[in-house]
Amino acid sequence: MNLQDRIYFQGVLDDFIYASIQRVARSNELVHRYRLTVDEVRQNTGRQRLHESVLYEIEAFFNYSNVLITYDRNFGTFDIILDLSRCALNQAQARFLSTAMEVYRSEN
């Protein structure tokens with residue numbers, strides 16, 4: 001995976017983490033599901049095809065942060081399960097999650 005791909009996928013992962021954390025303040029749910037289409041990946045990485053090695057690298061990237069990702073060939077999607085209690089968070093994300101959990105507790 002080249003640097004541009006890593007930057008793109010880190011942005012995707014960060015977006016999913018922040019969206020999940022925002023949901024915590026309302027629902028206290030820590031597990032969320034997301035979908036990323038092959039068309040989105042190709043469009044944002046400038047690729048015409050996703051070879052097996054690229055699919056492996058994408059899965060490895062997400063798995064490194066303890067985020068489950070599976071490629072569905074039938075639908076051309078990456079299905080992502082993000083569990084905030086297991087995934088790796090940076091400092092700002094951890095602080096945001098703590099605040100979201102406090103908000104939920106104070107309102108419920």
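Since the structure is predicted, the reported quantities are computational estimates derived from the model, not experimental observations. (Residues numbered from 1 in each chain as written. Predicted model: local features only at pLDDT ≥ 70, side-chain atom pairs only at ≥ 80, totals over all residues. Heavy atoms only, no water.)

*Asks:* Looking at this structure, I do not really get the nonpolar core. What am I missing?
*Replies:* Taken as a class, soluble globular proteins show a tendency for nonpolar side chains to be buried jointly. Core analysis: the biggest nonpolar cluster contains 27 residues, and Phe62, Phe78 and Leu82 have the highest contact counts within it. Elements represented by at least two residues in this core include exactly α1 (3-27), β1 (31-37), α2 (38-45), α3 (52-64), β3 (77-83) and α4 (91-107). Looking at this core element by element, the count peaks at eight residues for α1. (Core = buried A, V, L, I, M, F, W, Y, C linked by side-chain atoms within 4.5 Å. Buried < 20%, exposed > 50% of the residue type's maximum accessible area, 1.4 Å probe, protein only. Helix = DSSP H or I, 4+ residues; strand = E, 2+ residues; numbered from the N terminus.)

*Asks:* When you look at α1 in this model, what are you seeing that I'm missing?
*Replies:* One turn of an α-helix holds 3.6 residues; hence residues three or four places apart share an orientation. Given a rise of 1.5 Å per residue, 25 residues ought to cover 36 Å, and the 36 Å separating the end C-alpha atoms of α1 matches this to within 8%. Residues of α1 that are buried include every one of Asp5, Tyr8, Phe9, Val12, Leu13, Phe16, Ile17, Ser20, Ile21 and Val24, and no others. N-cap assignment for α1: the residue whose side-chain oxygen lies 3.1 Å from the backbone N of Gln4 is Asn2. Once α1 ends, the next one or two residues include Asn28, with phi positive near 65 degrees. (Expected span 1.5 Å × (residues − 1). Polar contact = N/O pair within 3.5 Å; in protein donor to acceptor, adjacent residues only side chain to side chain.)

*Asks:* Even after reading the chapter, I still don't get α3, so can you show me in this structure?
*Replies:* Spanning 13 residues, α3 covers 18 Å between terminal C-alpha atoms, matching the ideal 18 Å at 1.5 Å per step. When α3 is considered as a whole, its buried residues turn out to be Val54, Leu55, Ile58, Phe61 and Phe62. All buried residues of α3 lie within an arc of 125 degrees about the axis, which places them on one face of the element. Among the exposed residues of α3, those oriented more than 90 degrees off its buried face are Glu52, Tyr56 and Tyr64. (Arc of directions from axis to C-beta.)

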